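Listed below are the residues making up each chain.
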Amino acid sequence: MNLEHTPQPHADLTSRNTLGLPARAEWLSLPEDDRTLIALLQDTRWRSLPRTVIGEGSNLVLTAEIPGLVLCPQILGRRLLAEEGDQVLVEVGAGEHWDDVVAWSLSHGWQGLENLSLIPGACGAAPFQNIGAYGVELCDLLDSLDAVALDDGRARTFRHDECGFAYRDSRFKSAERGQWLITRLRLRLNRVPQLQLGYADLAARFAALPEAQQTPAGVRELVCQIRRSKLPDPAELPNAGSFFKNPVISSVQHNALQQRFPDLVAFPQADGKVKLAAGWLIERAGWKGRRDGDLGMHAQQALVLVNHAAAEGRHTVTGADVLAFAARVRDSVHAQFGVTLEQEPVILP
Ligand SMILES: Cc1cc2nc3c(=O)[nH]c(=O)nc-3n(C[C@H](O)[C@H](O)[C@H](O)COP(=O)(O)OP(=O)(O)OC[C@H]3O[C@@H](n4cnc5c(N)ncnc54)[C@H](O)[C@@H]3O)c2cc1C
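Residues numbered from 1 in each chain as written. Predicted model: local features only at pLDDT ≥ 70, side-chain atom pairs only at ≥ 80, totals over all residues. Heavy atoms only, no water.

1. Side note on the sheet that holds strand E15 (residues 266-268)
Part 1: Spatial strand order, E14-E16-E15: 3 strands in an open sheet with antiparallel pairing. With partners counted over all chains shown, the strands left at the sheet margins are strand E14 (248-249) and E15, one partner each.
Part 2: Where E14 and strand E16 (residues 274-276) come together, 2 bridges link them in antiparallel fashion. Opposite Ile249, over in E16, you have Val274 as the bridge partner. (Pairing = 2+ DSSP bridges. Helix = DSSP H or I, 4+ residues; strand = E, 2+ residues; numbered from the N terminus.)

What follows is the structure, encoded as structure tokens:
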């Protein structure tokens, strides 16, 4: 094996997670191509060790040293694969930064990813929780992906319908969690814009744009503006984005809650259930902008748990502290509304 790809022992992950939690990898590998990755997975010296994949660490709560081999793929590459009528098929490597790919696709006139602008993280992680924002999810654009099995390095392609996509979920996060490393995505994009302006705030800002800017690039600009005004930049105030998923409840429970809270924010779903805005529940439970010691819920976006200590350069808050704080938020929301919040970031190990 190439020496530069020999895994690094006891590697510090503090700067590799956006919550700024102090943690290490027993062995950290940064494979830059499929051959190196597969050789490592099949190498008898590493065969008995557990394997974990990380990307840019923007959706992780690291609680301790991650045992075994931690793989952070650096596989790069963006290319046009095919032009099919009004659509194009593009392929991107797992190690590409997601937002760079959004900008790159729009610069070529390929539309579809603009609502997903500025979501942190690497492309390889995007299918894991089926990233979504402003009415668009990755699954709306994903054609297929390539992955390798973590246990023996065998390669496999998953078609869109084989990925088990759901709200912030996929087969890679649920049924086959920890079994695959995604190496490459293929996305089907449009040459003729089909803008998704279902979100009232986005639609209103778009309508106010001069006609010449009512383009996919214009939507990207607006999404970036909205996100920058509402979400803390992890580089300034470490966080992992939305800390809780929007809970989905039955219409019966929703009706009962709405009687008690007429201003409850809720979105009816196609299956008759109702999705609640977790941020609204957290705010009404009194957590918006509240700081307790080194942790808090953000003042502009109640869903975002922030690490004030790390913002001040102290990496003293641990993953256990974060989980204990989150449990207090979850318990108080449950006590007030009878709704259980589910955590979005992945806890490792
Ligand atoms: C400020 C902020 C805003 C955010 N906004 C949004 C948003 O609007 N919508 C949204 O959906 N998410 C959002 N997120 C969450 C996060 O950006 C996404 O989940 C992103 O896809 C995580 O990418 P990552 O590279 O950082 O993955 P990591 O956090 O490193 O890993 C996340 C999970 O993905 C798995 N994984 C990573 N790479 C691979 C791979 N190559 N193969 C298989 N599994 C892999 C890991 O094992 C882990 O379980 C936000 C986060 C932050 C900090």
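2. Thoughts on helix H8 (residues 319-337)
Part 1: Taking 1.5 Å of rise per residue, the 19 residues of H8 would be expected to cover 27 Å, and the 27 Å separating its terminal C-alpha atoms lies within 8% of that figure.
Part 2: Residues of H8 that are buried: Gly319, Val322, Phe325, Ala326, Val329, Val333 and Phe337. Seen end-on, H8 carries its buried residues on one side only, within an arc spanning 130°. Along H8, the residues that are exposed and aim more than 90 degrees away from the buried face are Asp331 and Ala335.
Part 3: Taken together, the buried residues of H8 touch strand E4 (60-62), helix H5 (251-260), helix H6 (278-284), strand E17 (291-292), strand E18 (295-297) and strand E19 (304-307).
Part 4: Residue Gly338 follows H8 closely and has a positive phi angle near 70°. (Expected span 1.5 Å × (residues − 1). Buried < 20%, exposed > 50% of the residue type's maximum accessible area, 1.4 Å probe, protein only. Arc of directions from axis to C-beta. Contact = heavy atoms within 4.5 Å.)

3. Looking at the packing of helix H3 (residues 200-207) against helix H4 (residues 216-230)
Part 1: Two elements in contact, H3 and H4, have axes whose closest approach is 10 Å; the angle formed by their N-to-C orientations is 125°. With respect to H4, the element H3 is oriented oblique. Handedness of the crossing formed by H3 with H4: right-handed. Contacts from Asp201, Leu202, Arg205 and Phe206 of H3 reach H4 at Val219, Leu222, Val223, Gln225, Ile226 and Lys230.
Part 2: Here the contact of H3 with H4 is composed, by residue class, of 6 nonpolar, 1 polar and 3 charged. (Axes fitted to C-alpha atoms, helices over the stretch in contact; angles between N-to-C directions. Parallel < 35°, antiparallel > 145°, perpendicular 65-115°, else oblique. Left-handed = near helix turned anticlockwise from the far one by under 90°. Nonpolar A, V, L, I, M, F, W, Y, C, P; charged D, E, K, R; others polar.)

4. Details of the site of the ligand
Part 1: Taken together, 32 residues form the shell around the ligand, and within it Val53, Gly55, Ser58, Asn59 and Gly132 come nearest.
Part 2: Within the backbone of Gly55, an N or O atom sits 2.7 Å from an oxygen atom of the ligand.
Part 3: The contact in question runs from an oxygen atom of the ligand to an N or O atom on the backbone of Pro120, over 2.8 Å.
Part 4: Coverage of the ligand by the protein chains reaches 94% of its 980 Å² of free accessible surface.
Part 5: Sorting the residues of the shell around the ligand by element identifies strand E8 (132-133), strand E12 (180-190) and strand E13 (239-242) as the ones contributing at least two each.
Part 6: Of the residues contributing to the shell around the ligand, the split by class is 18 nonpolar, 11 polar and 3 charged. (Near = heavy atom within 4 Å. Polar contact = N/O pair within 3.5 Å; in protein donor to acceptor, adjacent residues only side chain to side chain. Areas by Shrake-Rupley, 256 points an atom, 1.4 Å probe, with all protein chains shown as cover.)

5. Structural notes on the sheet that holds strand E5 (residues 66-71)
Part 1: Strand order in the open sheet made by the 4 strands is E1-E2-E5-E3, with mixed pairing throughout. What marks the edges here is a single partner per strand, and that holds for strand E1 (8-12) and strand E3 (51-53). Here the average twist between neighbouring strands, direction ignored, is 45°.
Part 2: The pairing of E1 with strand E2 (residues 24-29) spans 4 bridges and is antiparallel. By the bridge assignment for E2, Gln8 is matched with Leu28.

6. Looking at helix H2 (residues 98-107)
Part 1: When you tally the buried positions in H2, you get 7 out of 10 residues, the bulk of the element.
Part 2: Along H2, the residues classified as buried are Trp98, Asp99, Val101, Val102, Trp104, Ser105 and Leu106.
Part 3: Positive phi appears at Gly109, one or two residues downstream of H2, with a value of about 80°.

7. Some thoughts on the pairing of strand E10 (residues 142-149)
Part 1: When you tally the buried positions in E10, you get 7 out of 8 residues, the bulk of the element.
Part 2: Relative to E12, E10 is paired through 7 bridges, and the arrangement is antiparallel. Bridge pairing links Ser144 to Arg186 in E12.
Part 3: Across 5 bridges, E10 lies against strand E11 (residues 155-159) in antiparallel orientation. Note on E11: the bridge partner recorded for Ser144 is Arg159.

8. A word on unusual backbone geometry
Peptide bonds are trans in most cases, and residues, glycine excluded, mostly fall at negative phi.
Part 1: Cis geometry is adopted by the peptide bond preceding Pro349, which originates at Leu348 and carries an omega value of -5°.
Part 2: Considering the arrangement of structural elements, one finds Pro349 in the segment after strand E20 (346-348).
Part 3: The backbone of Asn130 shows a phi angle near 50°, a positive value even though the residue is not glycine.
Part 4: Considering the arrangement of structural elements, one finds Asn130 in the loop between H2 and E8.
Part 5: Exposure remark for Asn130: the relative accessible area of 0% places this residue in the buried category.
Part 6: Unusually for a residue other than glycine, Tyr134 sits at a positive phi of about 50°.
Part 7: Tracing the backbone through its elements, the reader meets Tyr134 in the loop between E8 and strand E9 (136-137).
Part 8: Residue classification places Tyr134 among the buried residues on the basis of a relative accessible area of 15%.

9. Structural notes on the nonpolar core
Part 1: Judged by nonpolar contacts, the single largest core of 41 residues is most densely connected at Trp98, Leu113, Leu142, Leu145, Leu185, Leu187 and Leu189.
Part 2: Of all elements in the fold, only strand E7 (87-93), H2, E10, E12, H3 and H4 reach the threshold of two or more residues within this core.
Part 3: Non-local contacts of Leu142, meaning those with residues more than four positions away in its chain, are made with His160, Cys163, Phe165, Leu185, Arg186 and Leu187.
Part 4: Counting residues in each nonpolar core, the second largest holds 34 residues, with Val274, Met297, Phe337 and Val339 among its members. (Core = buried A, V, L, I, M, F, W, Y, C linked by side-chain atoms within 4.5 Å.)

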